[in-house]
Amino acid sequence: MKSTTARLRHRRFFGLCELNMGGRAAGRVAPAPRQEAALHPAPAFTALDETVLKALPLQPMVLAQFKPARVNIGYHVASEGRSYSVPHQHVGAAVELRITATTLEVLLRRQRIAAHARSARAGGFTTVAEHMPASHRAHRQWTPATLIGWGGRIGAATATVVRWQMEHRPHSEQGCRACLGLMRLAR
C-alpha cells in the first residue's frame, strides 16, 4: 500500500487548498510503526522521552539583540540616539551591547559591566554616578538652580547669562559645563 505522499509525487499543486484537496482525494494511511522499536510514536514518547523532559522555565525567554560598540571619551556608549554610562575605567574599550525591550546591558569580554533601563528620550543621557570619575562627581552638585544662584551673587548680567545657558542648550549638562567655565573665569 502506497503512502499519501507517494501517490501525489507526480502532481503539481499551485496552492495550499489544492494540496489539501489532493491529499483528501488520495486517502490517508495510518502511520507505519517505527521499525527499530516496533512502537507507535505515542507509546515511544512515553517510554523514552517523557521521563527525561524538564519543566518549562517559570519566566519566558527574553529576546535580545547584540551590537558592538566602543566606550567614548565621556564614558558613555551610544545606542539608537541615546547614551548610557559605563564605568570610566573602560574608556576606549570595545564592548558588546545586549539590548532587550526594557534594558541595555554593556558586556566586556562577556562580563556585564553596566546595565540600564532603556531610555525613550531621543538624545538623552543615562548616567550612573558610580560610573563617573571622582572629579566629575564633584561637579554633580552643581544643579541649574545652584548655578543660577551663583550667577546672581556675581551680578545681574551673570545671572542672565547663566539662565540663558541653562534654558537654550539642548542638554542641561552642556549648560552646566558652560557655566562651570564662567566660574573658572570668575576665579
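For the structure, see preceding data.
**Side note on the side chain of Ser83**
Moving on, step 1. Looking at the secondary structure, you find Ser83 in strand S3 (residues 82-85).
Moving on, step 2. Looking at Ser83, the relative accessible area reads 13%, which means it is buried.

**Quick word on the environment of Ala69**
Moving on, step 1. Within the secondary structure, Ala69 sits in strand S1 (residues 65-70).
Moving on, step 2. Distance in space between the C-alpha atoms of Ala69 and Ser79 is 8.4 Å, their sequence separation being ten residues.

**With respect to the sheet that holds strand S4 (residues 94-99)**
Moving on, step 1. Pairing within the open sheet is antiparallel, and its four strands lie in the order S1-S4-S5-S6. Where the open sheet ends on each side, the last strands, each with one partner, are S1 and strand S6 (111-117). For this sheet, the mean angle separating the axes of adjacent strands, direction not counted, is 25°.
Moving on, step 2. Judged from the six bridges that link them, strand S5 (residues 103-108) and S6 form a sheet pairing that is antiparallel. When the sheet's bridge partners are listed, Glu105 is paired in S6 with Ala115.

**Remarks on helix H5 (residues 144-154)**
Moving on, step 1. Residues Leu147, Trp150 and Gly151 constitute the buried set of H5. Looking down the long axis of H5, one finds its buried residues gathered within 100° of arc, a one-sided arrangement. Summarising the geometry of H5, the exposed residues directed more than 90 degrees from the buried face are Ala145 and Arg153.

**Quick look at the pattern of salt bridges**
Moving on, step 1. Overall, the coordinates contain three salt bridges when judged by the stated rule.
Moving on, step 2. Residues Glu80 and Arg118 are paired through a salt bridge, measuring 2.6 Å at the closest nitrogen-oxygen approach. Of the two residues, Glu80 is situated in the loop between strand S2 (76-79) and S3 and Arg118 in the loop between S6 and strand S7 (125-126); the sequence distance between them amounts to 38 residues.
Moving on, step 3. Among the ionic contacts, a cluster of salt bridges with common partners joins Arg98, Glu105 and Arg112.

**What to know about the packing of H5 against helix H6 (residues 156-168)**
Geometrically, a packed helix pair is captured by the angle between its two axes and the distance between the axes.
Moving on, step 1. Contact geometry of H5 with H6 gives a least axis separation of 7 Å together with a crossing angle of 160°. The orientation of H5 relative to H6 falls into the category roughly antiparallel. As H5 packs across H6, the resulting crossing turns out to be right-handed. Note on element contacts: H6 touches H5 through Thr158, Ala159, Val162, Arg163 and Met166, opposite Pro144, Leu147, Ile148, Trp150, Gly151, Gly152 and Ile154.

Rules used throughout
Residues numbered from 1 in each chain as written. Predicted model: local features only at pLDDT ≥ 70, side-chain atom pairs only at ≥ 80, totals over all residues. Heavy atoms only, no water. Helix = DSSP H or I, 4+ residues; strand = E, 2+ residues; numbered from the N terminus. Buried < 20%, exposed > 50% of the residue type's maximum accessible area, 1.4 Å probe, protein only. Pairing = 2+ DSSP bridges. Axes fitted to C-alpha atoms, helices over the stretch in contact; angles between N-to-C directions. Arc of directions from axis to C-beta. Salt bridge = Lys/Arg side-chain N within 4 Å of Asp/Glu carboxyl O. Parallel < 35°, antiparallel > 145°, perpendicular 65-115°, else oblique. Left-handed = near helix turned anticlockwise from the far one by under 90°. Contact = heavy atoms within 4.5 Å.

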